[in-house]
Amino acid sequence: MKTFTASTLLRLPALLVPLVLFNPVMEAFAMDNSTPPSPISGASSFRLSPDERTALAAKAEAANAEGAEAAFRLAQFHTLVDYDPAKRLHWLGIAAKGGHAVAQNNLAYDYLHGDRKDLAQAVRWAAESLKNGNAAAAQTLKEAEAAQAAQATKAPGGPQRP
């Protein structure tokens, strides 16, 4: 068995220095730097050409999962790229009715916090989203039910507090 002496151990760092120094040089030769990376912003990843929007709109009319996904994609486009609240809600509604769980939760959130507040619809769509496997909808459902209960205590003829 070979034993290391103190002088051998002292030379070990000197042997490692070239490896450490040449590692970045070797990585630079190994990398392909011929084309610079193109940054992608969050919104640009949702951009759709007019032809893509037309194709998705045609798919969205189908009452199936592919149609719901196409409608949700159009709702994202009208939320993040070409903001149009009316078109956004139109496509979000189609996606939700088609069974898209995230669209259902987003629609519930809109009914809960948006301009067209409707707590019964918020509860309905959050519960549907949760039933379809969207765990995030549990929080939306909890908020919607709490808002509904608070509204019932304030309503004339509703439960009165002492």
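Note that residues are indexed from 1 along each chain, following the sequence as it is written. Selection of residues for local features in this predicted model requires a pLDDT of at least 70, selection of side-chain atom pairs for listing and counting requires 80 or more, and totals for whole chains, interfaces and linings are taken over all residues. No hydrogens and no water enter the side-chain calculation; it runs on all heavy atoms of the structure.

Trainee: Which parts of the structure should I look at to understand the packing of aromatic side chains?
Mentor: For any pair of aromatic rings, geometry is given as the distance between the ring centres together with the angle between the planes. Ring pairs shown here join Phe, Tyr and Trp side chains whose ring centres sit within 6.5 Å, with only the six-membered ring taken for Trp; geometry is labelled stacked below 30 degrees between planes, edge-to-face above 60, and tilted in between. Counted according to the given criterion, the structure contains zero aromatic pairs. Counted as over-ring charges are cases with an Arg CZ or a Lys NZ within 6 Å of the ring centre that also lie within 35 degrees of the ring normal. Here the guanidinium or amino end of R124 rests over the ring plane of W125, the centre of that ring lying 4.1 Å away.

Trainee: Looking at this structure, I do not really get helix α3 (residues 65–80). What am I missing?
Mentor: Since there are 3.6 residues in each turn of an α-helix, residues three or four apart along the chain are aligned in direction. The end-to-end C-alpha distance of α3, which contains 16 residues, comes to 22 Å, matching closely the 22 Å that a straight helix rising 1.5 Å per residue would cover. Looking only at α3, the buried set comprises G67, A68, A70, A71, F72, L74, A75, Q76, F77 and H78. Throughout, a contact is declared for two residues whenever any of their heavy atoms are within 4.5 Å. Helix and strand definitions here come from DSSP, where helices need a minimum of 4 consecutive H or I residues and strands a minimum of 2 consecutive E residues; each element is numbered from the N-terminal end. If you follow the buried residues of α3, they end up packed against α2 (50–60), α4 (85–97) and α5 (101–113). The span expected for a helix works out to 1.5 Å for each residue beyond the first. Throughout, exposure labels follow a simple rule: accessible area from a 1.4 Å probe, protein chains only, divided by the maximum for the residue type, with under 20% read as buried, over 50% as exposed, and the rest as partly exposed.

Trainee: How should I be thinking about the packing of α2 against α3 in this particular structure?
Mentor: Packed helix pairs are specified by the crossing angle of their axes together with the interaxial distance, meaning the distance between the axes. Running from N to C, α2 and α3 point in directions that differ by 135 degrees, and their axes come no closer than 7 Å. As far as their axial angle goes, α3 and α2 are oblique. For the pair α2 and α3, the crossing hand works out as left-handed. Contact with α2, carried on its side by R53, L56, A57, K59 and A60, involves E66, G67, A70, A71, R73, L74 and F77 of α3 and no other residues of that element. Grouping the constituent residues of the contact of α2 with α3 by class yields seven nonpolar, one polar and four charged. Helix axes use the C-alpha atoms of the stretch in contact, all axes being lines fitted to C-alpha atoms, and the angles between their N-to-C directions lie in the range 0 to 180 degrees. Should an angle fall under 35 degrees it is taken as roughly parallel, and over 145 as roughly antiparallel, whereas 65 to 115 is taken as roughly perpendicular and any remaining angle as oblique. Crossing handedness follows the turn of the near helix against the far one: under a right angle anticlockwise gives a left-handed crossing, and clockwise gives a right-handed one. The residue classification treats Ala, Val, Leu, Ile, Met, Phe, Trp, Tyr, Cys and Pro as nonpolar and Asp, Glu, Lys and Arg as charged. All others, Gly included, are polar.

Trainee: Sorry if this is basic, but what is going on with the nonpolar core here?
Mentor: A general tendency of soluble globular proteins is for nonpolar side chains to be buried together. What we call a nonpolar core is a set of buried Ala, Val, Leu, Ile, Met, Phe, Trp, Tyr and Cys residues that are connected through their side-chain atoms within 4.5 Å. Counting 25 residues, the largest nonpolar core has W91, L92, A103, L107 and W125 as the members making the most contacts within it. Elements supplying a minimum of two residues to this core: α2, α3, α4, α5, α6 (119–131) and α7 (137–154). Element by element, the count of residues in this core is highest for α3, at six residues. Ignoring anything within four residues of it in the chain, the contact list for L107 reads L89, L92, G93, A96, R116 and W125.

Trainee: What exactly am I supposed to notice about the packing of α3 against α4 here?
Mentor: Viewed as axis vectors pointing N to C, α3 and α4 meet at an angle of 160 degrees, and their least axial separation amounts to 8 Å. As the angle between them shows, α3 and α4 are arranged roughly antiparallel. Like other packed secondary-structure pairs, α3 and α4 cross with a definite hand, here left-handed. Facing A68, A71, F72, L74, A75, H78 and T79 of α3, the residues of α4 in contact are K87, R88, W91, L92, I94 and A95.

Trainee: Explanation requested: the pattern of salt bridges in the structure shown.
Mentor: As a working rule, side chains carrying opposite charge can pair if their charged atoms are close by. Throughout this description, the term salt bridge denotes a Lys or Arg side-chain nitrogen within 4 Å of a carboxyl oxygen of Asp or Glu. For the coordinates displayed, the defined rule picks out two salt bridges. Between R88 and D110 there is a salt bridge whose closest N-O contact spans 2.4 Å. Here D110 lies in helix α5 and R88 lies in helix α4, a separation of 22 residues in the sequence. The class for R88 is buried, based on a relative accessible area of 15%. Relative accessible area serves as the criterion here: at 15%, D110 is assigned to the buried category. Residue K131 is joined to E128 by a salt bridge in which the shortest nitrogen-to-oxygen separation is 3.4 Å. You can see K131 and its partner E128 sitting in helix α6, three residues apart, about one turn around the helix. Judged by relative accessible area, E128 falls into the partly exposed class, the value being 28%.

Trainee: What is the right way to read α4 from this model?
Mentor: Spanning 13 residues, α4 covers 18 Å between terminal C-alpha atoms, matching the ideal 18 Å at 1.5 Å per step. Regarding α4, the residues found buried are R88, W91, L92, G93, A95 and A96. Residue G99 follows α4 closely and has a positive phi angle near 95 degrees.

Trainee: What is the right way to read the layout of surface pockets from this model?
Mentor: Gaps between atoms show up when a probe of the same size as a water molecule is rolled over them. Put simply, the grid is 1 Å and covers the protein atoms alone, a cavity is a trapped set of points that fit a 1.4 Å probe, a pocket is an open set with protein on both sides within 12 Å along at least five of seven lines, and lining residues have an atom within 4 Å of a point. Grid points are joined across faces, edges and corners, and a volume is the space filled by probe spheres set on the points. Estimated volume of the largest pocket: approximately 170 Å³. In this structure, the largest pocket is lined by Y83, P85, R88, L89, D110, G114, D115 and R116. Looking at which element gives the most residues to the lining of the largest pocket, the answer is α4, with three residues. Of the residues assigned to the lining of the largest pocket, the class counts are three nonpolar, one polar and four charged.

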